[in-house]
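# Breakdown of the fold
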Amino acid sequence: MDAKVQYLLRLGDNALVLSQRLSELCGKGPALEEDMALTNVALDLLGQARLWLTHAGELEGRGRDEDALAYLRDAHDFHNVLLVEQPNGNYAHTLVRQFYFDAWHYFQVGALAQSADVRIAEIAAKSLKEITYHLRRSGDLVVRLGDGTALSHEYTQTAADELWMYTGEAFQYDAIDEQMAAAGIAPPAATLRAQWLAHVGDIFAEATLAMPSPDAWMQKGGKTGRHSEHLGYLLAEMQFLQRAYPGAAW
Amino acid sequence: MTVMPAELDQAAVWAWLADVADPEIPVISVVDLGIVRAVEVAHDSVTVTLTPTYSGCPATHVIEAAVREALQAHVEDVRIVTRLSPAWTTDWLSDEGRRKLQGYGIAPPAQQVIDISALRGGLAAAVSRRAGIGPTAVPCPHCGSTHTELTSQFGSTPCKALYRCRACREPFDYFKCH
C-alpha cells in the first residue's frame, strides 16, 4: 500500500478510535458539562476521521469510502496508536489520555497544516482550530485536577504514570513516517517530540504533577496493526451493525 | 416555478439563500453564518460553494439539503461544492447575523479570531491555558451585564459554550470564537 495512504489511515484511525472511546461516555459523564465536552470532542474527531479516511480511500483508488474503511476493516488493519484505544478507566485516565493525545495531535496537525501536500494541509488547517480548543480544555482540567485536592492529585498522577508508556509510539518513526517527513508532508519526529515534551512539562509543572521519565520504556505496535486486546472489543461494538446488516442505512 | 435562464443572476440566488435558515439556530440564515463562499451562475445551472463550520457538525448535511431544496424551487440544476480552505471562522458571521443571535439569546463571538495565522507566532502561544479565556468579557444577551462567567467550554452544539450571568442569574449560550 502506498505510504501516503498508510499515513492517512493512521491519522484517520487515531481520530476515529478516540472518538468511539469518548462516545462511550455519552450520557455517563461525571458532570453535565463534561458529558457535553467529551461528546463534542468526539464529534469533532469523528468529522476529522471522515475527512482523512475519505481522502485515504480516494488515493487508494480501490473504491473504499469512509464507511468501508471504518466498518469493514479488522483490528490488525487499523493503524492508530495504542494510546487512543486504551479504556476510559476512571475520569483521570480519560482526561490524561485526552491531554497526552491532544498535545501530540495539536503539534502534529499544526505541522501538517504547513504540509507540502495541499489536500492534507487543508484538512489539517480545518482540524487544527478544533484541536486547539481541545488542548486548551484538557490542559486546563489536568491543572485543576492535579493541583486540586489530595485525592484528585493522586488519581491524576496515577493515570499520568500508567498511560505514559503509550505516549512514545507517536514519536517512533518507521519507514512510512520517515518517507512522509522526507517529502515535507509530516514533521520530523525529533521536533514533534521536543514540542510535546515541553508542553506536557509546562502543564505538569503547573499541575504539581511529577513528569514521568522521557527515557522510560515505551509500548509500540499500533501503527503497524499490532494492538492491545482492547481494540477488538471497541471495533466489535462500533462495527456490529454494518457487519450484521451490510449496507444498512437510515 | 423555474425562471428563464436570462433572469437568473447572482443577486437573485443570494436572496434565495438568505431565506435558508441554519437548522440549529433558525434565526440566522446560511448567508448570515458566512458559510456560503461563492455563487456561480451559468446558463441554467447554479453552483454554490459551502464551507463547513466544524468538521463533525451534524448540521452540515441538513444545510446542503436545505440549500438544494431552496434553489431547486427556482433552478433545476443545482450543484453544491464543499470547500475546506480557507477554514470557516466566526469572523465571517455577518453583522446582521450577530444582531439576530443576540436577539435570540445567544451571545455572539466577543472578539475577532486570531485564527491559525497565529501559527507564525508559534503554536505554543495558542494553547496557553489562558488563551481565549482572557479578559474579553462576554455580555449577557438577556440583561447586557458583563458580569458573566464560563460554566462549560462546550455547549449544546460544537459551536457554542455555556455561560451564566451573575447579574440576572440566567444561563446562556455563547457562540464561541472559532
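Scroll up for the structure.
What comes next is a walk through the structure. (Residues numbered from 1 in each chain as written. Chains lettered and ligands numbered in written order. Predicted model: local features only at pLDDT ≥ 70, side-chain atom pairs only at ≥ 80, totals over all residues. Heavy atoms only, no water.)

## A closer look at the sheet that holds strand E1 (residues 36-42) of chain B
Sheets are built from strands paired through backbone hydrogen bonds, the pairs being either parallel or antiparallel. Residues and elements named next belong to chain B. Rule in force here: The rule for pairing is simple: two strands pair if DSSP sees at least two bridges between them. By the criteria applied, helices consist of DSSP H or I runs no shorter than four residues and strands consist of E runs no shorter than two, each listed in order from the N terminus. Orientation is described by axes fitted as lines to C-alpha atoms, over the contacting stretch for helices, and by angles from 0 to 180 degrees between their N-to-C directions. Pairs of residues are marked as contacts when any of their non-hydrogen atoms sit within 4.5 Å.
Taken in spatial order, the three strands of this open sheet run E1-E2-E3, and their pairing is mixed. This sheet does not close on itself; its edge strands, each paired only once, are E1 and strand E3 (77-82). Strand-to-strand twist of the sheet, defined as the mean angle between neighbouring strand axes without regard to direction, takes the value 15°. Of the strand pairs in this sheet, E1 and strand E2 (residues 45-50) are connected by six bridges, and their pairing is antiparallel. Bridging from a neighbouring strand, Ala 38 pairs with Thr 49 of E2. Of the strands in this sheet, E2 and E3 are in contact with helix H3 (residues 59-72), which crosses E3 at around 155°.

## What to know about the interface of chain A and chain B
Accessible area lost upon the coming together of the parts serves often as the stated size of an interface. Condition: Only one rule defines a salt bridge in this text: a Lys or Arg side-chain nitrogen within 4 Å of an Asp or Glu carboxyl oxygen. Between N or O atoms, a polar contact is any pair within 3.5 Å; within protein, one atom must be a potential hydrogen donor and the other a potential acceptor, and residues adjacent in sequence are included only when both atoms are from side chains. The nonpolar class holds Ala, Val, Leu, Ile, Met, Phe, Trp, Tyr, Cys and Pro. Asp, Glu, Lys and Arg form the charged class, and all remaining residues, Gly among them, are polar.
Each side of the interface is counted separately: chain A has 37 residues, and chain B has 36 residues. Our count for the contact surface shared by chain A and chain B stands at zero salt bridges. Remark: the boundary between chain A and chain B carries eight residue pairs in polar contact (both at pLDDT 80 or more). Of all the elements in the fold, those that place two or more residues in the side of chain A that touches chain B are helix H2 (32-60), helix H5 (91-112), helix H6 (118-146) and helix H9 (189-206) of chain A. Counting residues per element, the side of chain A that touches chain B draws most heavily on H6(A), which supplies 17 residues. Considered class by class, the residues forming the side of chain A that touches chain B number 15 nonpolar, ten polar and twelve charged.

## Examining the environment of Leu32(A)
Residue and element names in this part refer to chain A. To keep things clear, this is the line we draw: Only protein chains enter the accessibility calculation, which uses a 1.4 Å probe. A residue is then buried if its area is under 20% of the maximum for its type, exposed if over 50%, and partly exposed in between.
Checked against the element boundaries, Leu 32 lands in helix H2. Residue Leu 32 is classed as exposed on the basis of its relative accessible area of 59%. When the C-alpha atoms of Leu 32 and Ser 228 are compared, they prove to be 31 Å apart, with 196 residues separating the residues in sequence.

## Looking at empty space enclosed by the protein
Residue and element names in this part refer to chain B. Quick reminder of the rule: Note on definitions: the grid is 1 Å and covers protein atoms alone; a cavity is a set of points where a 1.4 Å probe fits but cannot get out; a pocket is an open set with protein on both sides within 12 Å along at least five of seven lines; lining residues have an atom within 4 Å of a point. Grid points are joined across faces, edges and corners, and a volume is the space filled by probe spheres set on the points. In this entry, domain limits derive from an automatic or database-based domain assignment.
Applying the stated criterion to the full structure yields three cavities of 30 Å³ or more. Residue contributions to the lining of the largest cavity peak at four residues, all from H3. Residue classes in the lining of the largest cavity are distributed as ten nonpolar, five polar and three charged. Per-domain counts for the lining of the largest cavity show at least three residues from each of domain 1 (5-82) and domain 2 (99-175). Approximately 90 Å³ is the volume attributed to the second largest cavity.

## What about the layout of surface pockets?
Within this model, the largest pocket holds a volume of roughly 1,300 Å³. Lining the largest pocket are 35 residues, and of these Leu46(A), Arg50(A), Glu66(A), Asp67(A) and His61(B) sit closest to its centre. Elements represented by at least two residues in the lining of the largest pocket include exactly helix H1 (3-23), H2, helix H3 (66-71) and helix H10 (230-244) of chain A together with H3 of chain B. Examining the composition of the lining of the largest pocket, we find that ten residues originate from one element, H2(A), more than from any other. Classifying every residue of the lining of the largest pocket by side-chain character gives 17 nonpolar, twelve polar and six charged.

## Observations regarding the pattern of salt bridges
Tallying each qualifying case throughout the model produces 20 salt bridges over all chains. A salt bridge links Glu60(A) to Arg62(A), with the nearest nitrogen and oxygen atoms 3.3 Å apart. Note on Arg62(A): relative accessible area 59%, which makes it exposed. In this structure, the salt-bridge partner of Arg166(B) is Glu149(B), at a minimum N-O distance of 2.8 Å.

## Here's the deal with the pairing of E3(B)
Residue and element names in this part refer to chain B. Defined as follows: With its strands directed away from the observer, a crossover is right-handed exactly when the path from the first strand over the helix to the second travels clockwise.
One ladder, built from six bridges, connects E2 with E3; its direction is parallel. If you follow Leu 50 over to E3, its bridge partner there is Thr 82. The parallel pair E2 and E3 is bridged by H3, and the resulting crossover is right-handed.

Read these as layout, nothing more, since geometry by itself doesn't imply function.
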